Amino acid sequence: MNLTKEHILTLLEEVKDPEIPVLSLVDLGVITGVDISEENHVTVNMTPTFAGCPAMDYMKKDVERTLEKYGISKYTVNMSFDKPWDSNKLSERGRQHLKEFGLAPPPKYDLILDLDILEHVRCPYCDSEDTTLRTPFGPTLCRSMHYCNNCRQMFEQFKPL
Amino acid sequence: MNEQAIKDLLYKLADDQLILGHRNSEWTGFGPILEEDIAFSSMAQDKIGHSLAFYTLLQELGEADPDTVAFTRNANQFHNSQLVELPNGEYDFSLIRHFLFDNAEIIRFEMLSQSSYEPIAKVATKLKGEVKYHVLHANTWIKNLGSSTEEAILRLQSSLNEALPYALGMFEPSKYEQELIDSGVYAGEEAVKAEWLKRIQAVIEKTELKLPDLESIAPRYGGRYGNHTEHLQPLLDEMAEVFKIDPTAEW
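Just so it is clear, the structure is predicted and the values come from calculations on it, not from any experiment. (Residues numbered from 1 in each chain as written. Chains lettered and ligands numbered in written order. Predicted model: local features only at pLDDT ≥ 70, side-chain atom pairs only at ≥ 80, totals over all residues. Heavy atoms only, no water.)

Brief notes about the sheet that holds strand E8 (residues 143–148) of chain A
Residues and elements named next belong to chain A.
Part 1 of the argument: Pairing is mixed in the open sheet, where four strands are placed in the order E6-E9-E8-E7. What marks the edges here is a single partner per strand, and that holds for strand E6 (103–104) and strand E7 (131–135).
Part 2 of the argument: Inspection of the sheet shows E8 paired to strand E9 (residues 153–158) by six bridges, in the antiparallel sense. The residue bridging Ser144 from the neighbouring strand is Gln157, located in E9. (Pairing = 2+ DSSP bridges. Helix = DSSP H or I, 4+ residues; strand = E, 2+ residues; numbered from the N terminus.)

Below, the structure written as structure tokens:
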């Protein structure tokens, strides 16, 4: 069988962020490239969301496990900063899944981060924009904490980066 | 490209991150409020991640693996500035140190993202986005507390005065300074310092704090080449305590 890049990406849809199990690594945007050599050797390139994210090692192993599960024995999974991740790389589908999970998706922005961007977050529960940033540091490196003045609930946002 | 010069640069970047990351982690469970406990713990995790990124570049240049480098050297083999090894003290000192350090660090990363040495440029491009959160955090608290109660202002001012000689020590020139500048690897400590001064001044001006005349302060140099305060070795002993029980263990 000749493997294709599309086929590999479909398989990798199965691999989820261990801390946000509704979000696939493909939708998260951390799979930066898939190459298949003439000898059917599969190379998957990945990049971390945050350099200190302890889940990245787990995600890399999960990619390897998934390839093996589908009978792909010749593979290399690389983790590098060659194509650095930013939160604009989250797909539309990924953003929708985050919202359904109760995590406000990061706003698309021009990659110039200021407090204004952090302070105006839409509540994932009631869609109100009347929310307050409580702290830019949440339970994991990729989340900030906010309070909704409308539905009076704390909620988390996947941080813009 | 002089590999020694690049290693020298990488070691000081990585060691600063590792040691300050460890100090930040000492706030876990002790923060004055829950949000600050989480903030310092998160920044610790980021910084240790950043040190790993630079130790990995060192490994690619033939140095030992990151764990060995982090856990088996003695104080006189570390290249961090003395600023980052000082004990946390009270919250006001940790906050001032965080403010002085991260405002310099983000400038280093911004400049290094333009480095002619591509591996450093790639890592710096990534990390400058993360450290932005650290800078926002520090600047917000300095602005809030630096214009709040008399006690807060007095405490921050006294910590600022105490930390400044060490903060200036961050800009200790490298043995390879001119070479790094000439080859476009790094803009150099003087350039970082000049920009740093502008940025910290802009924040301090919005508070009741006063920035002392920096010309009259002797910088605490030495850290970049293994000359440390008595506080570093106990930190390293504690950090490596578990690792040294069984250095061959798989984690």
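There is more to say after this.
A look at the UniProt feature "domain: MIP18 family-like" (unreviewed entry) in chain A
Part 1 of the argument: As annotated in UniProt, the feature "domain: MIP18 family-like" (unreviewed entry) corresponds to residues 5–68 of chain A in the numbering used here.
Part 2 of the argument: Taken end to end, residues 5–68 of chain A has its terminal C-alpha atoms 16 Å apart, with 41% of it in helix and 28% in strand. (UniProt positions renumbered as here; feature names shortened; annotations may be inferred.)

Describing the domain arrangement of chain A
Residue and element names in this part refer to chain A.
Part 1 of the argument: For chain A, the assigned domains are domain 1 (5–85) and domain 2 (92–158).
Part 2 of the argument: Computed from C-alpha coordinates alone, the two centres of domain 1 and domain 2 are separated by 26 Å.
Part 3 of the argument: Taken together, the contact between domain 1 and domain 2 spans 12 residues of the former and 11 residues of the latter.
Part 4 of the argument: Around 1,000 Å² of area is buried between domain 1 and domain 2 when both sides are counted, 72% of it from carbon and sulfur atoms.
Part 5 of the argument: Between the two partners, domain 1 and domain 2, sit two salt bridges.
Part 6 of the argument: For Asp27, the salt bridge identified is with Arg93, shortest N-O distance 3.1 Å.
Part 7 of the argument: Viewed at the interface, domain 2 and domain 1 are joined by four residue pairs in polar contact (both at pLDDT 80 or more).
Part 8 of the argument: Within the residue set of the side of domain 1 that touches domain 2, elements represented by two or more residues are strand E2 (20–24) and helix H2 (25–28). (Domains from an automatic or database assignment. Contact = heavy atoms within 4.5 Å. Buried area = accessible area lost by both parts, 1.4 Å probe. Salt bridge = Lys/Arg side-chain N within 4 Å of Asp/Glu carboxyl O. Polar contact = N/O pair within 3.5 Å; in protein donor to acceptor, adjacent residues only side chain to side chain.)

Observations regarding the interface of chain B and chain A
Part 1 of the argument: Between chain B and chain A, the contact holds 23 residues from the first and 22 residues from the second.
Part 2 of the argument: Together chain B and chain A conceal approximately 2,000 Å² of surface at their shared face, both sides included; 69% is due to carbon and sulfur atoms.
Part 3 of the argument: Linking chain B with chain A are two salt bridges.
Part 4 of the argument: In this structure, the connection of chain B to chain A is made through seven residue pairs in polar contact (both at pLDDT 80 or more).
Part 5 of the argument: If you list the elements that add at least two residues to the side of chain B that touches chain A, you get helix H2 (34–60) and helix H6 (118–145) of chain B.
Part 6 of the argument: No other element matches the 13 residues that H6(B) contributes to the side of chain B that touches chain A.

Topic: the sheet that holds strand E4 (residues 42–46) of chain A
All names here are of chain A.
Part 1 of the argument: Strand order in the open sheet made by the three strands is E3-E4-E5, with mixed pairing throughout. Edge positions in the open sheet fall to strand E3 (31–36) and strand E5 (75–79), since each of these has one partner strand only. The sheet shows a mean angle of 15° between the axes of neighbouring strands, taken without regard to direction.
Part 2 of the argument: Pairing analysis gives five bridges linking E4 to E5, with the strands arranged parallel. (Axes fitted to C-alpha atoms, helices over the stretch in contact; angles between N-to-C directions.)

Thoughts on helix H1 (residues 5–12) of chain A
Residues and elements named next belong to chain A.
Part 1 of the argument: For H1, the complete set of buried residues consists of Ile8, Leu11 and Leu12. On an axial view of H1, the arc spanned by its buried residues comes to 100°, and they lie on one face. Relative to its buried face, H1 has exposed residues pointing more than 90 degrees away, namely Glu6 and Thr10.
Part 2 of the argument: Buried residues along H1 sit against H2, E3, E4 and helix H3 (55–69). (Buried < 20%, exposed > 50% of the residue type's maximum accessible area, 1.4 Å probe, protein only. Arc of directions from axis to C-beta.)

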